[in-house]
Amino acid sequence: MNQKSAHTFARIPVRERGRGGGLRHVYIETYGCQMNANDSEIIASILEGQGYTITSDPRLADLILVNTCAVRDKAEQTVRNRLKQFKSIKRHNPDLKVGLVGCMAERLKDKLLEEEELVDLVAGPDAYRQLPAMIKDLEDGRKAVNVLLSLEETYDDIEPVHIMSNGISAFVSITRGCDNMCTFCVVPYTRGRERSRNPETILREIARLRDKGFKEVTLLGQNVDSYLWYGGGPKKEFYKQPPEVRASAVDFAELLDRVAAAFPDMRIRFTTSNPQDMTDRVIDVIARHPNVGRYIHLPFQSGSNRILRRMNRQYTREQYLDLIRRIRERIPDIALSHDVIAGFPGETEEDHAQTLSLMDEVVFDFGYMFAYSERPGTAAARLYEDDVPRGIKIRRLNEIIAKQNAHSKARMKNYVGRTFEVLIEGNSKKSDAHWMGRTLQNAVVVFPKTGKEKPGDFVNVHIEDTTGATLLGKRV
Ligand code: SF4
């Protein structure tokens, strides 16, 4: 997400600020995962619907909302440092109000008002409909806190305002919350219990995106494989439903099939998958639809069954590798990425070796790799001492990163000499004479412009070389 660098906030004369009555101009800054990016677009929609103006310059704002992440301690420290920088804006604009929303807000609640003097508002991920009323409280000189988690809220009637998108590719959330309770994870505490969106609202949102010229959507959820619509309500109530309700429920395979069939000219992606819930029916749907991305993000977290049990991950190393085998048998050109944690409490050199050997067995295209960061309130923090010394955590993490980099390079080499359909997303970062886009495998491709294409076009590109992270080619 957009981690902004430190700004110097030059003084801006009052008249240039959007001075209307009250806190009319809102600047939203987003940290963390795609769910947060999508939530910032939902917040923008709710506020615009109430007559607020979203500004992209914090110096012009009456209200700054920071959408926060709590997945690791570092993410929260980043937000605290950012608040220090906003102090200089406040010096130039004493009426400025600042709000923290999202996972860190949910985790720390009203404690943030005590800990951070700059903070006036704290709102959890299920409280965004109440933001206009909370802003009213600020205008009346009160602080505002709402961190109630909901069993129903999916914001499915709110059309996100795509402030985080490039106009070609958009996120569409299909579930909120998570029921899995992995011992290291704060998400179930900061985003609540799992609930799925009505498939009709998902199809309508994608139709509107298509009509606006979007060419790709990513179906979004903490664990898309456990998507289950049976008329509304939390997933945990599904099993209490009468047989006819359960029989007519829509699961992820069904949803993905409907979306792919309804929008054959759009690319359909999804994230994040979960090894314990992914079914062969989902694999079949991917294989059946040429417009579904040949890319699966499938976190494995550890290669050791002992550590997987301590993480409360509901699969074994063998089951994970068997799933990979079934996916590759059915979809040979699939690209795979993962999440992995180094140095989980109790992890031995033998456990670490099993993580490295699993990576050797799979040879992933890409990975998100982290050292274990104890999160207060999680089961791991309660049950286990964070006993792997920092030095060893980092050494193991570096070994994992080195192995992944070598595997990524090798996987990228497989593209050279072949031609792929690329969806152009925009200019290459390094040169305006080149386009940047992605293959169906989500691999980044950069190629020279020919003057006959534009962002949003699907073009064929012959791959001539790779930098290890990017493919270089020519349009054919
Ligand atoms: S599946 Fe596990 S790691 Fe992922 S969001 Fe849920 S609890 Fe967290």
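Heads up: the structure comes first, above all this text.
Each chain carries its own residue numbering, running from 1 in the written order of its sequence. Only residues with pLDDT of at least 70 are given local features in this predicted model, and only at 80 or more are side-chain atom pairs given and counted; all residues enter the totals for whole chains, interfaces and linings. Side-chain calculation: all heavy atoms of the structure are included, whereas hydrogens and water are not.

1. Quick notes on the state of the cysteines
Part 1 of the reasoning: Any pair of cysteine sulfurs within 2.5 Å is marked as a disulfide. Considering all chains together, one arrives at 0 disulfides under this definition.
Part 2 of the reasoning: Between Cys103, a cysteine without a disulfide, and Cys69, which holds the nearest cysteine sulfur, the sulfur-to-sulfur distance is 6.5 Å.

2. Thoughts on the sheet that holds strand 18 (residues 434-438)
Part 1 of the reasoning: Taken together, the 5 strands give a closed barrel; going around it, the order is 17-18-19-21-20, and neighbouring strands pair in mixed fashion. Geometrically, the sheet is characterised by an average inter-axis angle of 50° between neighbouring strands, direction not taken into account.
Part 2 of the reasoning: Strands are labelled as partners when DSSP assigns at least two bridges between them. Here a strand is any run of E in DSSP of at least two residues, a helix any run of H or I of at least four, and the numbering for each starts at the N terminus. As defined by bridge partners, strand 17 (residues 419-427) adjoins strand 18 across 4 bridges and the pair is classed as antiparallel. Bridging from a neighbouring strand, Leu423 pairs with Arg438 of strand 18. With axes taken as lines fitted to C-alpha atoms, and helix axes fitted only over the stretch in contact, angles between N-to-C directions fall between 0 and 180 degrees.

3. Points about the site of the ligand
Part 1 of the reasoning: In this text, near means that some heavy atom of the residue lies within 4 Å of the molecule or strand in question. In the vicinity of the ligand, the contacting residues are Cys178, Asn180, Met181, Cys182, Phe184, Cys185, Val187, Pro188, Gln222, Asn274 and Arg313.
Part 2 of the reasoning: For this scheme, ten residues count as nonpolar: Ala, Val, Leu, Ile, Met, Phe, Trp, Tyr, Cys and Pro. Four count as charged, namely Asp, Glu, Lys and Arg, and the remainder, Gly too, count as polar. In the shell around the ligand, the residues fall into 7 nonpolar, 3 polar and 1 charged.

4. Section: the pairing of strand 21 (residues 471-475)
Part 1 of the reasoning: Where strand 19 (residues 444-448) and strand 21 come together, 2 bridges link them in parallel fashion. Bridge pairing in strand 21 links Val446 to Leu472.
Part 2 of the reasoning: As paired strands, strand 20 (residues 458-466) and strand 21 are joined by 5 bridges and run antiparallel to one another. Residue pairing for strand 21: Asp465 is matched across the bridge by Leu472.
Part 3 of the reasoning: Hairpin connection of strand 20 to strand 21: 4 residues between the antiparallel strands, including Gly468 at a positive phi of 105°.

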